[in-house]
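Residue-level listing of the chains:
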Amino acid sequence: MSLTDSVDIDSKSEKPVSLIWGCELSSERDSYTFQVPEEWQCEQQLALRTICLGETARDEFHVVEIVPAEEGDARAPVPLATLKPSVLPMATLVGVELTPPVTFHLRAGSGPVYISGQHVSMMPNLSWDEEEEEEEEDAEEEEPAEEVSEKPPKGQAAKKGSAAKKRRLEKEDELRNNVSPEDPLPSKGRGAGRGKKAAAKK
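### Overview of the confidence of the model for the chain
Next, step 1: The predicted model of the chain has a mean per-residue pLDDT of 75, with 59% of residues at 70 or higher.
Next, step 2: When mean pLDDT is compared element by element in the chain, strand β6 (residues 90–92) scores highest at 95, while helix α1 (residues 3–9) scores lowest at 45.
Next, step 3: A low-confidence stretch, residues 198–202 (pLDDT under 50), is modelled with zero contacts involving residues beyond four sequence positions or located in other chains.

### Section: the environment of Leu106
Next, step 1: Within the secondary structure layout, Leu106 lies in strand β8 (residues 102–108).
Next, step 2: Judged by its relative accessible area of 4%, Leu106 is buried.
Next, step 3: When the C-alpha positions of Leu106 and Glu65 are compared, they lie 6.5 Å apart, and in sequence the two are 41 residues distant.
Next, step 4: Once you skip the residues sitting within four places of it in the chain, Leu106 turns out to touch Leu25, Ser26, Ser27, Asp30, His62, Val63, Val64, Gly111 and Val113.

### Thoughts on the nonpolar core
Next, step 1: Among the nonpolar cores identified, the biggest contains 23 residues, and Trp21, Leu48, Ile51, Val64, Leu80, Phe104 and Ile115 are the most heavily contacted of them.
Next, step 2: Counting residues per element, this core draws most heavily on strand β3 (residues 44–53), at four residues.
Next, step 3: Those residues in contact with Trp21 that sit more than four places away from it in its chain are Tyr32, Phe34, Leu46, Leu48, Phe104, Ile115, Ser116, Gly117 and His119.

Reading the values: rules and limits
Residues numbered from 1 in each chain as written. Predicted model: local features only at pLDDT ≥ 70, side-chain atom pairs only at ≥ 80, totals over all residues. Heavy atoms only, no water. pLDDT = per-residue confidence, 0-100. Helix = DSSP H or I, 4+ residues; strand = E, 2+ residues; numbered from the N terminus. Contact = heavy atoms within 4.5 Å. Buried < 20%, exposed > 50% of the residue type's maximum accessible area, 1.4 Å probe, protein only. Core = buried A, V, L, I, M, F, W, Y, C linked by side-chain atoms within 4.5 Å.

Below, the structure is given as structure tokens:
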């Protein structure tokens, strides 16, 4: 079962944590073992991405192989890539996912050969339940807020109407109070102009 399958099954309880990994093989150090501490209880995998020759590599064949872990019957090493600077200085590896411990060995050539990939750990996702609860609470809070903005309660509408009436009445009172007693409003009717003429004759 690959790491991607386990991610699909337990995606809620575990989350993948990926780190860039790399090693160098040369005539000085022709093997490298990738392993993780025994106390790490979570699932571990090494996903290989590229294998390439260094700039000082000689124009000769460089063969890199994977040496199986020594468990039970001794199995033959598996060639991973054969590189040569003038022909194939680099190879991209797709779908090569290995479970540690893994030992790489430079079978032929003097190197340097660089192997790179991703070290993926499946860590327990303790914050998943908390995040899920927070999302549910946020969704519940947003729904009533939208309803309130769409339809205001009847009480609020009535308060707004009474406030508008109050302002209108206050403006009318101000207009009445601003008129001075010296300039009385002209009275309607025929006798409105007669009183003034009589006063002028006296």
